[in-house]
Amino acid sequence: MLTRLFFVKLYSNVLSTVQHERIFVVNDISAKIAIDLDGGDHGPKVIAKGITLAIKEGFVSQQELVVLGSSASINWFKNHMPDGISLQECGEAIKMGEDIKTIRKKRRSSIAQGVYGVKTDKFQALVSAGETKAMVAWGKMLLAPRINDFDLRPAIGVKMPHPDGLWLLVDAGANIEAKSIITLWHNAHMGAIYAREVMGIANPRVGLVNIGEEESKGDQTLRDAHAILGRSNLNFVGNVEPRELFLGKVDVAVCDGKVGNLILKSGEGVVEMLKAIAKREFKRLLSRPEFPQTSRQLAWCFAWPFIWLLVILATPLSLIIFQDAKKKISHDEIGGAILLGVPGMIICHGRSNARAIANALRVAKAEIGHNVHQIIFDQLRQIEKSP
């Protein structure tokens, strides 16, 4: 209790100091979606291309955007992009891999400015491909509420593919450990509400990620979580093994951040492997193999023109099928991950290309339209008591 009071007092002092010293400077602009120009592995060029693509596709308009970035990034943006998009220069930039103490000190960074803009209703959403732990840390410090006397710990929700649609992974890396069953309880409810309100799943099936389907599997935290979720008003289907997630057994998969991040990165690795295999096999098919030896050589010479004809006729259909499959499994098409538990935070992969950034802006606009986090807060507070 003393420790909790200490950190509450510390955060209160930080916020009061920040407001008194006017460290956070958010210009009076009409834009409602902020995007971090400093985030991502590829610099502001890819972010700018993503913004252009999002406007072209009609995901957002110029008037809805404000671009946040360091002096160098903003100057580059001015020289390479047309006028009409609001800009806000930030005094600091958060680098990938910086420790949490350094991140919390950079109150003039684009992520801190963006989160504070959401807190003060200057922005309705922030999109960033920058350091994930910076988004989580600033979001938790400035935006996370208390639910039934418990601090709501933000969780990353990532939409993942299965053969018939999408499922939601919660948590994909915000909290490395589920220190109590309350975390898994909140993750399950937040994920179910998001799946229903945004993904359009009327009665989402919620599963607890575990090493087996039996109730006795896993450590004590998982066993206790299974018990309380089974007594909840959720459509809880029990434990689910990771291999079943991509087959559509559940609509919401609940786990701690360490497990979720491993599932996410393993899924990305499988997708990359399938792409590499498909590319290699397609090249092999189009290249002329070595002639077979001895008696089959003549037969192969006669068969080769017919093989080429089959390839020519089948290629358009194959490309259509490939593009359709790519839209279902590619994170570029799905868009950014949402930080559940705090409003308006969209996290993009550091390797995001222009298409991924554009779709992240689309996801941000959708979240604004659904007002999903207010629904999450209201419904969680209506629960009579936490388990």
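In the block above lies the structure referred to throughout.
A few points on the structure. As the structure is a computational prediction, the values presented were derived from the model and not from experiment.

1. Considerations on the overall build of the protein chain
Here is step 1 of the chain: Along the protein chain, the regular secondary structure elements total 14 helices and 13 strands.
Here is step 2 of the chain: Counting across all 387 residues of the protein chain, residues that qualify as buried make up 46%.
Here is step 3 of the chain: Within the protein chain, contacts between residues at least 6 apart in sequence are counted, and of these 71% link residues at least 24 apart.

2. Describing the packing of helix α5 (residues 110–119) against helix α6 (residues 132–142)
Here is step 1 of the chain: Between α5 and α6, whose axes approach to 10 Å, the crossing angle comes to 35°. Of the two elements, α5 crosses α6, and the hand of that crossing is right-handed. Of the residues in α6, those touching α5 at Ile111, Ala112, Val115, Tyr116 and Lys119 are Ala134, Met135, Trp138, Gly139 and Leu142.
Here is step 2 of the chain: Across the contact of α5 with α6, the residue classes break down as 8 nonpolar, 1 polar and 1 charged.

3. Quick notes on the pattern of salt bridges
Here is step 1 of the chain: Overall, the coordinates contain 9 salt bridges when judged by the stated rule.
Here is step 2 of the chain: Across the pair lysine 106 and glutamate 98 runs a salt bridge whose closest N-O atoms are separated by 2.8 Å. Each member of the pair, lysine 106 together with glutamate 98, is buried.
Here is step 3 of the chain: With a shortest N-O distance of 3.1 Å, aspartate 251 and arginine 205 are connected by a salt bridge. Taken together, the residues span a long stretch of sequence, with aspartate 251 in the loop between α9 (242–245) and β11 (252–254) and arginine 205 in strand β9 (residues 205–209) at a distance of 46 residues.

4. A look at the packing of helix α7 (residues 181–197) against helix α8 (residues 220–230)
Helix-helix packing: each pair is described by the crossing angle between the helix axes and the interaxial distance.
Here is step 1 of the chain: Orientation of α7 relative to α8, taken along the N-to-C sense of each, is 45°, at an axis distance of 9 Å. Classified by the angle their axes make, α7 and α8 are oblique. In terms of crossing hand, the pair formed by α7 and α8 is right-handed. Residue-level contacts link Ile181, Leu184, Trp185 and Ala188 of α7 to Thr221, Leu222, Asp224, Ala225, Ile228 and Leu229 of α8.
Here is step 2 of the chain: Residues of the contact of α7 with α8, tallied by class, amount to 8 nonpolar, 1 polar and 1 charged.

5. Notes on the side chain of serine 128
Here is step 1 of the chain: Its place among the elements puts serine 128 in strand β4 (residues 125–128).
Here is step 2 of the chain: With relative accessibility at 1%, the residue serine 128 sits in the buried group.
Here is step 3 of the chain: If we ignore the near neighbours within four places in the chain, the residues touching serine 128 are Asp36, Ile111, Met135, Ile346, Ile347 and Cys348.

6. Observations regarding the pairing of β4
Here is step 1 of the chain: With burial as the criterion, each face of β4 is covered, one bearing Ala125 and Val127 and the other bearing Leu126 and Ser128.
Here is step 2 of the chain: Across 3 bridges, the pairing between strand β1 (residues 33–36) and β4 is parallel. Residue pairing across strands places isoleucine 33 opposite alanine 125, the latter belonging to β4.
Here is step 3 of the chain: With 3 bridges joining them, β4 and strand β13 (residues 345–347) adopt parallel strand pairing. Its bridge partner being in β13, leucine 126 is matched across the sheet by methionine 345.

7. Observations concerning helix α2 (residues 44–57)
Here is step 1 of the chain: The end-to-end C-alpha separation of α2 is 20 Å, in line with the 20 Å expected for 14 residues at 1.5 Å each.
Here is step 2 of the chain: Along α2, the residues classified as buried are Pro44, Val46, Ile47, Ala48, Gly50, Ile51, Leu53 and Ala54.
Here is step 3 of the chain: Buried-residue contacts for α2 involve β1, β2 (65–69), α3 (71–80) and α13 (354–370).
Here is step 4 of the chain: A positive phi of about 85° marks glycine 58, the residue just after α2.

8. Some thoughts on the packing of aromatic side chains
Here is step 1 of the chain: With the rule as written, the count across this model stands at 1 aromatic pair.
Here is step 2 of the chain: Here tryptophan 167 and phenylalanine 246 contribute two aromatic rings whose centre-to-centre distance is 5.5 Å and whose plane-to-plane angle is 85°, an arrangement assigned as edge-to-face. Taken together, the residues span a long stretch of sequence, with tryptophan 167 in strand β8 (residues 165–170) and phenylalanine 246 in the loop between α9 and β11 at a distance of 79 residues.
Here is step 3 of the chain: For arginine 362, the ring lying beneath its charged end belongs to phenylalanine 59, and the centroid distance is 5.8 Å.

9. A word on the nonpolar core
Here is step 1 of the chain: Ranked by internal contacts, the top residues of the largest apolar core, which has 58 residues, are Ile51, Val127 and Leu361.
Here is step 2 of the chain: By residue number, the principal contributor to this core is α7, which donates 8 residues.
Here is step 3 of the chain: Aside from chain neighbours lying at most four places away, what touches isoleucine 51 is Ile35, Leu65, Val67, Phe77, Ile85, Ile357 and Leu361.
Here is step 4 of the chain: Core analysis: the second largest hydrophobic core is formed by 40 residues, Phe123, Val136, Ile263 and Met345 among them.

Scoring rules and cut-offs
- Residues numbered from 1 in each chain as written.
- Predicted model: local features only at pLDDT ≥ 70, side-chain atom pairs only at ≥ 80, totals over all residues.
- Heavy atoms only, no water.
- Helix = DSSP H or I, 4+ residues; strand = E, 2+ residues; numbered from the N terminus.
- Buried < 20%, exposed > 50% of the residue type's maximum accessible area, 1.4 Å probe, protein only.
- Contact = heavy atoms within 4.5 Å.
- Axes fitted to C-alpha atoms, helices over the stretch in contact; angles between N-to-C directions.
- Left-handed = near helix turned anticlockwise from the far one by under 90°.
- Nonpolar A, V, L, I, M, F, W, Y, C, P; charged D, E, K, R; others polar.
- Salt bridge = Lys/Arg side-chain N within 4 Å of Asp/Glu carboxyl O.
- Parallel < 35°, antiparallel > 145°, perpendicular 65-115°, else oblique.
- Pairing = 2+ DSSP bridges.
- Expected span 1.5 Å × (residues − 1).
- Phe/Tyr/Trp six-rings, centres within 6.5 Å; stacked < 30°, edge-to-face > 60°.
- Lys NZ or Arg CZ within 6 Å of the ring centre and 35° of its normal.
- Core = buried A, V, L, I, M, F, W, Y, C linked by side-chain atoms within 4.5 Å.

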